[in-house]
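For reference, the chains in residue letters:
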Amino acid sequence: MAIYEYVCSACRKPFELTVSMAEYARGLKPACPRCKARKAIRRFTSVNVKTRSKTGSGWSG
Ligand SMILES: [Zn+2]
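Residues numbered from 1 in each chain as written. Predicted model: local features only at pLDDT ≥ 70, side-chain atom pairs only at ≥ 80, totals over all residues. Heavy atoms only, no water.

Q: What should I look at first to understand the coordination of the zinc ion in this one?
A: Metal coordination angles in their ideal form are 109.5 degrees for the four-donor tetrahedron and 90 or 180 degrees for the six-donor octahedron. Protein-derived ligands of the zinc ion are Cys8 (SG), Cys11 (SG), Cys32 (SG) and Cys35 (SG), with the metal-ligand distances lying across 2.3 to 2.4 Å. One way to put it: the four donor atoms around the zinc ion meet at angles of 105 to 117°, and that makes the site tetrahedral. Between the donor residues of the zinc ion, the gaps in sequence give the motif C-x2-C-x20-C-x2-C. Pair noted here: Cys11 is in the loop between strand S1 (2–8) and strand S2 (14–19) and Cys32 is in the loop between helix H1 (21–25) and strand S3 (40–43), with a separation of 21 residues, a long-range link. Given a relative accessible area of 22%, Cys11 falls into the partly exposed group. Look at Cys32 and you get buried, because its relative accessible area is 1%. (Donors = N, O, S within 2.8 Å, 3.2 Å for Na, K, Ca; no water. Tetrahedral: all angles 85-135°; square planar, octahedral: opposite > 155°, others 65-115°. Helix = DSSP H or I, 4+ residues; strand = E, 2+ residues; numbered from the N terminus. Buried < 20%, exposed > 50% of the residue type's maximum accessible area, 1.4 Å probe, protein only.)

Spelled out as structure tokens, the structure:
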């Protein structure tokens, strides 16, 4: 299970969704919680790419 961030391309509402690997592999098309449109686009979070300007601190491989 992983939490993915989506943004609805119809109403621009961002939302999070917990998706299992099986569901994700099947090409899950989540419905927007606001307008119910199945036009959600996956947002790519940069959690692992945050330490860019900072060198050294918190860099634990
Ligand atoms: Zn929407």
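Q: Explanation requested: the pattern of salt bridges in the structure shown.
A: Oppositely charged side chains may form a pair once their charged atoms are brought near each other. For the structure on display, the rule yields one salt bridge. Across the salt bridge formed by Arg43 and Glu5, the nearest N and O atoms sit 3.2 Å from each other. In this pair, Arg43 is assigned in strand S3 and Glu5 in strand S1, connecting sequence segments 38 residues apart. Residue Arg43 is classed as partly exposed on the basis of its relative accessible area of 37%. Assessed through its relative accessible area of 22%, Glu5 is described here as partly exposed. (Salt bridge = Lys/Arg side-chain N within 4 Å of Asp/Glu carboxyl O.)

Q: How should I be thinking about the environment of Tyr24 in this particular structure?
A: Within the secondary structure, Tyr24 sits in helix H1. You can call Tyr24 partly exposed: its relative accessible area is 35%. When the C-alpha positions of Tyr24 and Ala2 are compared, they lie 9.4 Å apart, and in sequence the two are 22 residues distant. Discounting chain neighbours no more than four positions away, the residues touching Tyr24 are Tyr4, Tyr6, Val19 and Arg42. In terms of polar contacts, Tyr24 uses its side chain to reach the side chain of Arg42, at 2.7 Å. (Contact = heavy atoms within 4.5 Å. Polar contact = N/O pair within 3.5 Å; in protein donor to acceptor, adjacent residues only side chain to side chain.)

Honestly, it's all geometry; don't read function into it.
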